[in-house]
Amino acid sequence: MKWVGLTGSLASGKSSVGLLLKQKGYAVLDADQVVHGLLGKGGEAVPPVVRLFGANLKGPDGAIDRARLGQIVFKDAGRLRQLEDVLHPLVRAKVASWRRDCESKGLKIAFYEVPLLFEKKMQEQFDSIWVVDAPLQVRETRASKRSGWSSEEFFRREATQVRPEDKRAGASVVLENIKSLDELSVQIDKALVELC
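Bear in mind that the values here come from a model prediction, so they are computed numbers and not experimental data.

## What to know about the environment of Ala159
Mapped onto the elements of the fold, Ala159 is located in the loop between α7 (151-158) and α8 (164-169). On the basis of relative accessibility, which here comes to 64%, the residue Ala159 falls in the exposed class. Separated by 155 residues in the primary sequence, Ala159 and Val4 have C-alpha atoms spaced 26 Å apart.

## Examining the packing of helix α3 (residues 46-53) against helix α5 (residues 77-104)
Remark: α3 packs on α5, axes separated minimally by 10 Å, with the N-to-C direction vectors making an angle of 160 degrees. Relative to α5, α3 is oriented roughly antiparallel. The handedness of the crossing between α3 and α5 is right-handed. Between α3 and α5, the contacting residues are Pro48, Val49, Leu52 and Phe53 on the first element and Arg79, Gln82, Leu83 and Val86 on the second.

## A word on the sheet that holds strand β5 (residues 173-176)
Taken together, the 5 strands give an open sheet; going across it, the order is β2-β3-β1-β4-β5, and neighbouring strands pair in parallel fashion. Each edge of the open sheet is held by one strand with a lone partner, namely β2 (27-30) and β5. Recorded for the sheet is a direction-independent mean angle of 25 degrees between the axes of neighbouring strands. With 4 bridges joining them, β2 and strand β3 (residues 109-113) adopt parallel strand pairing. Among the inter-strand pairings, Val28 is bridged to a residue of β3, identified as Phe111. Sheet strands in contact with helix α9 (residues 181-195) are β1 (2-8), β3, β4 (128-133) and β5, and its direction is about 170 degrees off that of β5.

## Quick notes on the packing of aromatic side chains
For the structure on display, the rule yields 7 aromatic pairs. Relative to Trp130, the ring of Phe111 has its centre 5.0 Å away and its plane inclined at 65 degrees; by these criteria the two rings are edge-to-face. Note that Phe111 is positioned in strand β3 and Trp130 in strand β4, a separation of 19 residues in sequence. Each of the two residues, Phe111 as well as Trp130, counts as buried. Through a chain of ring-to-ring contacts, three or more aromatic side chains come together here, namely Trp3, Trp98, Tyr112 and Phe126. Positioned above the aromatic ring of Trp149, the side-chain terminus of Arg146 is 5.8 Å from the ring centre.

## Section: the pattern of salt bridges
Enumeration according to the criterion identifies 14 salt bridges in this entry. In this structure, Lys120 engages Glu84 in a salt bridge whose closest nitrogen and oxygen atoms are separated by 2.9 Å. On the criterion of sequence distance, the pair formed by Lys120 in the loop between β3 and β4 and Glu84 in helix α5 is long-range, its members being 36 residues apart. A relative accessible area of 33% places Lys120 in the partly exposed class. Classification of Glu84 by relative accessible area gives buried; the value is 16%. Arg168 serves as the salt-bridge partner of Glu176, at 2.5 Å between the closest nitrogen and oxygen.

## Regarding the nonpolar core
Ranked by internal contacts, the top residues of the largest apolar core, which has 31 residues, are Val49, Leu69, Tyr112 and Phe126. Secondary structure elements with two or more residues in this core: β2, α2 (31-39), α3, α4 (66-73), α5, β3 and β4. Among the elements that line this core, the one with the most residues is α5, at 7 residues. Once you skip the residues sitting within four places of it in the chain, Val49 turns out to touch Leu39, Gly54, Ile64, Leu69, Leu83 and Val86. With 17 residues, the next largest nonpolar core counts Val28, Leu175, Leu184 and Leu192 among its residues.

The rules behind the values
- Counting restarts for each chain, with residues numbered from 1 along the sequence as it is written.
- Reporting in this predicted model follows two pLDDT cut-offs: at least 70 for local features of residues, and 80 or more for side-chain atom pairs to be given and counted; totals over whole chains, interfaces and linings ignore these cut-offs and use all residues.
- Heavy atoms from the whole structure form the basis of all side-chain values; hydrogens and water molecules are not counted.
- A run of DSSP states H or I qualifies as a helix once it reaches four residues; a run of E qualifies as a strand once it reaches two. Both are numbered from the N-terminal end.
- With a 1.4 Å probe rolled over the protein chains alone, any residue whose accessible area is under 20% of its type maximum counts as buried; one over 50% counts as exposed, and the rest are partly exposed.
- Axes, fitted as lines to C-alpha atoms, cover a helix only where it is in contact. Angles between the N-to-C directions of the axes lie from 0 to 180 degrees.
- Angle categories are assigned with fixed cut-offs, so that under 35 degrees is roughly parallel, over 145 is roughly antiparallel, 65 to 115 is roughly perpendicular, and the rest are oblique.
- Helix crossings get a hand from a simple test, with the near helix turned counterclockwise from the far one by less than a right angle marking a left-handed crossing and a clockwise turn marking a right-handed one.
- Note on contacts: a residue pair is in contact if any heavy atoms of the two residues lie within 4.5 Å.
- DSSP calls a pair of strands paired once it identifies at least 2 bridges connecting them.
- Only centres within 6.5 Å qualify two rings of Phe, Tyr or Trp (six-membered ring in Trp) as a pair; their planes then separate them into stacked at under 30 degrees, edge-to-face at over 60, and tilted for everything else.
- Cation placement over rings: the criterion is NZ of Lys or CZ of Arg within 6 Å of the ring centroid and within 35° of the ring normal.
- In the sections that follow, a salt bridge refers to a side-chain nitrogen of Lys or Arg positioned within 4 Å of a carboxyl oxygen of Asp or Glu.
- Here, the term nonpolar core denotes a set of buried Ala, Val, Leu, Ile, Met, Phe, Trp, Tyr and Cys residues that are joined through side-chain atoms within 4.5 Å.

Without other data, these values stay purely geometric and don't point to any function.
Next comes the structure, spelled out in structure tokens:
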């Protein structure tokens, strides 16, 4: 089975590509959704995160308030490392299990959507790396509309990531997410043909 990493910079459109791939019948696992599950009600990461960051991060439903947690860790590299030390082993275990499941089903290709693929130096894990990209100004506008981020917040988070040009240089495939979803879908189809 070909194991494909799907990544890109902030608000580049990784999730749009993931959704289009699912619509085409491909298996796609989203790292962010794995994390959301771990931090959600009854999630395995809830108890250790509460121990590290305090019970006030736990909402009435028992889930971790990810927005408040983000405000803490994205301002303090040491606190971010503490969170990663909790989350990363749990995420790796979930991903390994999902990948084995895909292989047991006889799938020819599976995609893992992972925003920090380059930042965490995961390149060697994949048979192919697809990078979704869009111009900086387009991404900033998308982040503002989608997440309500200020320009300051966007650029603060952008500064913690590998530069888009370096991601492009390390890509097997670059998908330009500038125009319509139809145009993006055409690029995906072309990349799939080349992959197979």
